[in-house]
Amino acid sequence: KDEDYSSSNELVTICIININRAFNLINGKIQQLEEKIQFQKKENEILKSLASIYYSMHLIDLEKDSLSEISSNWLVREYVNHIDGASSQMNSAMTHLITKDYQKKALEFTDLKTVRERLGLKKIISEELFGNNVGWIRASFIPVEYNEIGVVRVLFLIQVIDEEKRREERLISISNTDQLTNLYNRRAYEAELTKVDANKNGNLCFVVYDVNGLKRMNDTLGHAAGDELIRVTASIISDVF
């Protein structure tokens, strides 16, 4: 009958509309998935390019307390089992890899319970530590994903900076040393006074020397002879103290 045909036609139309809606939803989900895959590919490419710079690199999910390796040295890998939670693995790695003098600082810095608060809106937080086998390292946290409560995924990076620290120490040594005598200069002297004042240490001995005849030697024998007098005097002071 006409009304039956009309009802069937209407039903078919409704079905077509619903199928179209379903296809649109599916296409939307596929597009989202493709965008996510593309984003992950770009993220992986960036991480791989960074991996060559760092001694080790791990991605940590703070919500799941999980840790995944992006790149790692065998020394780090030895203490990261990927079975325990991220907090436990970090604790194990720092305990074994960092010298006792720096372990407390290392464990405080790698405490995953406080890292979200310490990061806040910062792009990176870092700490310089001394390792048992590699010397000076720089450990860093970089946020890579946020939600409504803050950062949820971070990169944990270790970079060996032993040579950098040695260069820094050499520069500090040069800036604090007199080139003629190799004794500490005025800059170092003033820095020491600041330390003494800060520590309020009463056990302090202060000695002043005056090199007799230096001006006369400079005037009669030349500044090279005067410099030699200063060097010899410095050498005697170094031997005595």
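Up top is the structure.
The structure reproduced in this document is the subject of the present report.

Rules used in this analysis
Residues numbered from 1 in each chain as written. Predicted model: local features only at pLDDT ≥ 70, side-chain atom pairs only at ≥ 80, totals over all residues. Heavy atoms only, no water. Patch = residues over 30% accessible without salt bridge, like charges linked within 9 Å, V, L, I, M, F, W, Y side chains within 5 Å. Areas by Shrake-Rupley, 256 points an atom, 1.4 Å probe, with all protein chains shown as cover. Salt bridge = Lys/Arg side-chain N within 4 Å of Asp/Glu carboxyl O. Buried < 20%, exposed > 50% of the residue type's maximum accessible area, 1.4 Å probe, protein only. Pairing = 2+ DSSP bridges. Helix = DSSP H or I, 4+ residues; strand = E, 2+ residues; numbered from the N terminus. Axes fitted to C-alpha atoms, helices over the stretch in contact; angles between N-to-C directions. Contact = heavy atoms within 4.5 Å. Core = buried A, V, L, I, M, F, W, Y, C linked by side-chain atoms within 4.5 Å.

### Re a nonpolar patch on the surface
And step 1. Where nonpolar side chains cluster on the molecular surface, the patch consists of Val207, Tyr209, Val232, Ile236, Val240 and Phe241 and spans about 630 Å² of accessible area.
And step 2. Accessibility expressed as a relative area gives 42% for valine 207, which makes it partly exposed.

### Regarding the sheet that holds strand β5 (residues 150-160)
And step 1. As summarised here, the arrangement of the five strands in space is β2-β1-β5-β4-β3, forming an open sheet in which the pairing is antiparallel. Only two strands of the sheet have a single neighbouring strand rather than two, namely β2 (66-71) and β3 (125-131). The sheet shows a mean angle of 25 degrees between the axes of neighbouring strands, taken without regard to direction.
And step 2. When β3 meets strand β4 (residues 135-147), the two strands line up antiparallel, connected through seven bridges. Bridge pairing links glycine 131 to glycine 135 in β4.
And step 3. Across the sheet, helix α3 (residues 86-97) is in contact with β1 (56-61), β2, β3, β4 and β5; its angle to β2 comes to roughly 55 degrees.
And step 4. This element, helix α6 (residues 162-175), spans β3, β4 and β5 of the sheet and lies at about 120 degrees to β4.

### Let's talk about the pairing of β2
And step 1. Relative to β2, β1 runs antiparallel, the two being bridged by five bridges. Counted as the bridge partner of histidine 58 is glutamate 69 from β2.
And step 2. Hairpin geometry of β1 and β2 is characterised by an intervening segment of four residues between the two adjacent antiparallel strands and by a positive phi of about 55 degrees at aspartate 65.

### What about unusual backbone geometry?
And step 1. Backbone geometry places aspartate 65, a non-glycine residue, at a positive phi of 55 degrees.
And step 2. Within the fold, aspartate 65 resides in the loop between β1 and β2.
And step 3. According to the relative accessible area criterion, aspartate 65 is partly exposed, its value standing at 31%.
And step 4. For asparagine 182, which is not glycine, the phi dihedral falls at a positive 65 degrees.
And step 5. For asparagine 182, the position within the fold is in the loop between α6 and α7 (186-199).

### What to know about the environment of proline 143
And step 1. Its location among the elements puts proline 143 in strand β4.
And step 2. Under the relative-accessibility criterion, proline 143 is labelled buried at 14%.
And step 3. Here the alpha-carbon distance between proline 143 and valine 115, two residues 28 residues apart in the chain, equals 9.9 Å.
And step 4. Contact partners of proline 143, with chain neighbours within four places excluded, come to Leu119, Lys122, Lys123, Val151, Arg153 and Val154.

### Quick notes on the nonpolar core
And step 1. Counting 27 residues, the largest nonpolar core has Ile60, Leu112, Phe141 and Phe156 as its most contacted members.
And step 2. Only α2 (74-77), α3, α4 (100-109), α5 (115-119), β3, β4 and β5 provide two or more residues apiece to this core.
And step 3. Among the elements that take part in this core, α3 stands out by supplying five residues, more than any other.
And step 4. If sequence neighbours within four positions are ignored, leucine 112 has contacts with Ile60, Leu62, Asp65, Ala86, Ser87, Met90 and Phe141.
And step 5. Core analysis: the second largest hydrophobic core is formed by five residues, Met57, Leu59, Leu155 and Leu157 among them.

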